[in-house]
Amino acid sequence: MFNNMYQPLKNFVRTSMIALATLMLWIPQVSAFSDVPSNAYYKTALEWAVDEGIVENRALFYPGIPLKRTELAKMTLMAMQVPVEPLSYRPFSDVPGNSWYTAYVETGLLFGVFTGYTNENGNPTGRFGPVNPTTRADAAKTLMVAFGMSDKICDTTFPDVDYGAWYGISLDSACYYGVLQGDARGRARPSENVNRAE
């Protein structure tokens, strides 16, 4: 069971990041989302995110499309409630200084939430992949780091997870805290993309 200190994280993660490129609006219900069924499993979490100003209440939510890495960055930094601003230099070659997401990505780097891609030797490539979709492994590591969740070992062992990989302990911790669950076949599917409803 989650205690009270984990409830905001649980709600935020189950909202599973929504794409935003404009100013956030505080609107207390999600009735404007014509593509969100009244019985959607994520509706309560989405209402929480709207109430917190993390999600803009627009006409469409697009719950089934993949979540971009820039959208993950903005959702995460807004949920962290920290000031965001671009750095004085460009740490990622594919994140220009004048993009809507630059401040979120670079503030996330400053806080250690994002590190960008690495090569096969573990060295930074200097690229963030802003338009790339977010994988379940990406999301697990980002959220565990962003919210300062301590490393934990989950009772569930996923057969498709390399626990020695860069995401292993984060995914294990996400399982422990109830943020991530396996599918009907007991798989975590770390390399699969996260959609906006998840």
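Rules behind the numbers
Residues numbered from 1 in each chain as written. Predicted model: local features only at pLDDT ≥ 70, side-chain atom pairs only at ≥ 80, totals over all residues. Heavy atoms only, no water. Phe/Tyr/Trp six-rings, centres within 6.5 Å; stacked < 30°, edge-to-face > 60°. Buried < 20%, exposed > 50% of the residue type's maximum accessible area, 1.4 Å probe, protein only. Helix = DSSP H or I, 4+ residues; strand = E, 2+ residues; numbered from the N terminus. Disulfide = S-S within 2.5 Å. Axes fitted to C-alpha atoms, helices over the stretch in contact; angles between N-to-C directions. Left-handed = near helix turned anticlockwise from the far one by under 90°. Contact = heavy atoms within 4.5 Å. Nonpolar A, V, L, I, M, F, W, Y, C, P; charged D, E, K, R; others polar. pLDDT = per-residue confidence, 0-100. Parallel < 35°, antiparallel > 145°, perpendicular 65-115°, else oblique.

## Some words on the packing of aromatic side chains
- On inspection of all chains with the given rule, the structure shows six aromatic pairs.
- Ring centres of tryptophan 100 and tyrosine 101 lie 5.3 Å apart, and the angle between their planes is 90 degrees; this geometry places the pair in the edge-to-face category.
- Accessibility expressed as a relative area gives 12% for tyrosine 101, which makes it buried.
- Each ring, one from phenylalanine 114 and one from phenylalanine 128, has its centre 5.8 Å from the other, and the planes form 75 degrees; the classification is edge-to-face. Residue phenylalanine 114 is found in the loop between helix 4 (102–110) and helix 5 (136–146), and its partner phenylalanine 128 is found in the loop between helix 4 and helix 5; the two are separated by 14 residues along the sequence.

## Considering the state of the cysteines
- In total, this model carries one disulfide according to the counting rule given.
- Each disulfide pairs two cysteine sulfurs, and for cysteine 154 the partner residue is cysteine 175, the sulfurs being separated by 2.0 Å. Highlighted residues: cysteine 154 in the loop between helix 5 and helix 6 (168–176) and cysteine 175 in helix 6, separated in sequence by 21 residues. Considered together, cysteine 154 and cysteine 175 belong to a single accessibility category, that of buried residues.

## Quick notes on the packing of helix 3 (residues 69–80) against helix 4
- Orientation of helix 3 relative to helix 4, taken along the N-to-C sense of each, is 65 degrees, at an axis distance of 8 Å. Helix 3 and helix 4 meet at a crossing whose hand is left-handed. Residues Ala73, Lys74, Leu77 and Met78 of helix 3 form the contact with helix 4, whose own contacting residues are Tyr104, Val105, Thr107 and Gly108.
- Split into classes, the residues belonging to the contact of helix 3 with helix 4 amount to five nonpolar, two polar and one charged.

## What to know about the confidence of the model for the chain
- Residues of the chain with pLDDT of at least 70 account for 83%, and the chain-wide mean is 82.
- Long-range and interchain partners of residues 12–30, a stretch whose pLDDT sits below 50, account for 83 contacts in this model, where long-range means more than four residues apart.

## Observations concerning the packing of helix 3 against helix 5
- Direction vectors running N to C along helix 3 and helix 5 enclose 20 degrees, while the axes themselves pass 11 Å from each other. Looking at the two axes, helix 3 sits roughly parallel to helix 5. Relative to helix 5, the crossing made by helix 3 is right-handed. Contact residues: Arg69, Leu72, Thr76 and Met80 in helix 3; Asp138, Thr142, Leu143 and Ala146 in helix 5.

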